[in-house]
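Each chain, letter by letter, is given below.
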Amino acid sequence: MTRSSALDGSLAGGRRPGGRWDRLAVGALYAGGFLGPFGAGMVTPVLPEIGADFHTSAGNAALSVTAYLLPFAVFMLVSGTLGQRWGAVRTTRIAFVGYLVVSLVCVLPGPFWLFLLARAGQGIANSFTTPLLLAALADVVPRERLGRALGLFGSLQAAGQTTAPLIAGLLAAASWRYAFIASAVVAGLLAVVGLPAVVKNRPRSASARTLRSVFRPAVLRIGLAGFLGWGCLGGLAFLVSFRAADAFGLSAGGRGVLLTVFGVAGILTARPVGHLVDRWGGPRSVAVGMTTGAVLLAGVGVVPSSIVVGVLWALCGVSSQFVLVGVNAMALSGEGNRGGTVSVVQACRFLGAAATPAVFTPTYHASPLASFLVPVGLLIIGTPAALLRRRRPLS
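Attention here is on the structure that accompanies the text.

Rules used in this analysis
- Residues numbered from 1 in each chain as written.
- Predicted model: local features only at pLDDT ≥ 70, side-chain atom pairs only at ≥ 80, totals over all residues.
- Heavy atoms only, no water.
- Helix = DSSP H or I, 4+ residues; strand = E, 2+ residues; numbered from the N terminus.
- Polar contact = N/O pair within 3.5 Å; in protein donor to acceptor, adjacent residues only side chain to side chain.
- Contact = heavy atoms within 4.5 Å.
- Core = buried A, V, L, I, M, F, W, Y, C linked by side-chain atoms within 4.5 Å.
- Buried < 20%, exposed > 50% of the residue type's maximum accessible area, 1.4 Å probe, protein only.
- Expected span 1.5 Å × (residues − 1).
- Salt bridge = Lys/Arg side-chain N within 4 Å of Asp/Glu carboxyl O.
- Phe/Tyr/Trp six-rings, centres within 6.5 Å; stacked < 30°, edge-to-face > 60°.

1. Structural notes on the side chain of serine 371
Item 1. In this structure, serine 371 sits in helix α17 (residues 368-387).
Item 2. Side-chain polar atoms of serine 371 contact the backbone oxygen of proline 368, separated by 2.6 Å.
Item 3. With residues near it in sequence (within four places) discarded, serine 371 still touches Leu239, Phe360, Thr363 and Tyr364.

Written out as structure tokens, the structure reads:
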């Protein structure tokens, strides 16, 4: 079977894959991209309610964020390769069923440690879906249009991250548990639909199922770009929140609106960014995202107006899409262990986001200006990692 677009006619002029069910499976790829970030962020606005129900503090309830993200990032280092070894179709279906089960465990009125354990289970299950969904996109979309498909996938990831606090907060008016029930239902539907037929029929070579095929300099260089590019842009929302409170006296609601513009800008521009990635290529796109992000982030740290900070932070969201779509395009450029490669790159991305609060919070307390200028410098220094071109695609 030749690789053809599984999207609508606007993305590809080739044949659509076989039948209505297969097109539904392609839509499920994007829905899966939404579910992961939504699961990570849906506890954020309801931490006091979770703490009250489990008879613990809101601060302890915040551990549920770490319980999801840490195993998610760690397991992503190997999940893509293991998924390729076991079979992408089987792995994603089992992972979605697992996500359904642990989401339902989260709604049980049991001890708090069980809730944290179930949140870790959600993160692990998501680590086995995200890289394989991205690899499946590379199977069903022509290479010259892959950036646009990744842009759409990125916009849905941004939508999941951005809307999770809103949706979970609204559902919490009845019960915070409804957000977990809704996630379980979606995961169950995705497990039933499965992956497109072109992915099921794609042959797997032995070399595409080894960890050695992904833990090599060419892949780790892309991972470094993702680590710095995402950690020093999307991972710095907490610094923007600190500055909004200390420099401008914004309330919690005002800070929430300010931070939301980053994700909204990413949603609105991910598809156009994908078009540019198709034209420019992954390395140049990542370099553009990191350099423009550095300039914009410097402005966020120094301008004396909260409105201007909001505009600059929104533009940082656009720069982050160049990084996100660009590194994914680079990781999926070959024909070998795509799932394992994108898995390692995504793990580096989330490890960067997880590391920045621990690194830059003390810096902020010592010097607010330095806490912004240091990541600016890291973005500039890290740009050559994205500019180093390979003679041939990853294989």
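Next comes the rest of the write-up.
2. Here's the deal with the nonpolar core
Item 1. Counting residues in each nonpolar core, the largest one holds 78 residues, and the members touching the most others are Leu150, Val300 and Leu332.
Item 2. For this core, the element with the most residues is helix α15 (residues 306-331), which contributes 13 residues.
Item 3. If near-sequence neighbours (up to four positions away) are discounted, leucine 150 is found in contact with Leu134, Leu137, Val325, Asn328, Ala329 and Leu332.
Item 4. Within the second largest apolar cluster, 21 residues are counted, among which are Phe38, Ala67, Val102 and Val107.

3. Topic: unusual backbone geometry
Item 1. A positive phi angle is found at histidine 55, which is not glycine, with a value near 55°.
Item 2. Among the structural elements, histidine 55 can be located in the loop between α2 (47-53) and α3 (58-61).
Item 3. On the basis of relative accessibility, which here comes to 75%, the residue histidine 55 falls in the exposed class.

4. A few points about α15
Item 1. Here α15 contains 26 residues, and its C-alpha end-to-end distance of 37 Å stays within 8% of the 38 Å for a straight helix at 1.5 Å per residue.
Item 2. In terms of burial, α15 is largely enclosed, as 21 of its 26 residues are buried.
Item 3. The backbone nitrogen of isoleucine 307 lies 3.3 Å from a side-chain oxygen of the residue at the head of α15, namely serine 305.

5. Structural notes on helix α4 (residues 63-86)
Item 1. The terminal C-alpha atoms of α4, which comprises 24 residues, lie 32 Å apart, in line with the 34 Å expected from a rise of 1.5 Å per residue.
Item 2. Glycine 87 sits one or two residues past α4 and shows a positive phi near 110°.

6. Digging into the environment of cysteine 316
Item 1. Along the chain, cysteine 316 turns up in helix α15.
Item 2. The sequence separation of cysteine 316 and leucine 233 amounts to 83 residues, and the corresponding C-alpha distance is 6.8 Å.
Item 3. Those residues in contact with cysteine 316 that sit more than four places away from it in its chain are Leu233, Phe262, Gly293, Leu296, Leu297 and Val300.

7. Here's the deal with the pattern of salt bridges
Item 1. Inspection of every chain in the model, using the stated rule, returns 3 salt bridges.
Item 2. Here arginine 177 makes a salt bridge to aspartate 53, at a shortest N to O gap of 2.9 Å. Here arginine 177 is found in helix α9 (residues 177-193), whereas its partner aspartate 53 is found in helix α2, with 124 residues between them in sequence.
Item 3. Of the charged contacts in the structure, one is a salt bridge between arginine 338 and aspartate 139, with a shortest N-O distance of 2.5 Å. In this pair, arginine 338 is assigned in helix α16 (residues 338-366) and aspartate 139 in helix α7 (residues 130-140), connecting sequence segments 199 residues apart.
Item 4. A relative accessible area of 3% means that arginine 338 is categorised as buried.

8. Brief notes about the environment of valine 107
Item 1. For valine 107, the location among the structural elements is in the loop between α5 (88-106) and α6 (112-127).
Item 2. Distance from valine 107 to tyrosine 178, taken between C-alpha atoms, is 8.2 Å for residues 71 residues apart in sequence.
Item 3. Apart from residues no more than four positions distant in its own chain, valine 107 is found in contact with Arg177, Phe180 and Ile181.

9. Comments concerning the packing of aromatic side chains
Item 1. Per the counting criterion, the structure on display carries 16 aromatic pairs.
Item 2. Both rings, one in tryptophan 176 and one in phenylalanine 180, keep their centres 5.7 Å apart while their planes meet at 85°; by these two values the pair is edge-to-face.
Item 3. Residue tryptophan 176 is classed as buried on the basis of its relative accessible area of 4%.
Item 4. Taking relative accessible area as the criterion, phenylalanine 180 reaches 1% and is therefore assigned buried.
Item 5. Between phenylalanine 262 and tryptophan 313, the ring centres sit 4.6 Å apart and the planes meet at 35°, which makes this aromatic pair tilted. Taken together, the positions of phenylalanine 262 in helix α13 (residues 252-280) and tryptophan 313 in helix α15 put the pair 51 residues apart, joining distant regions of the chain. For the pair phenylalanine 262 and tryptophan 313, a shared accessibility class is recorded, and that class is buried.

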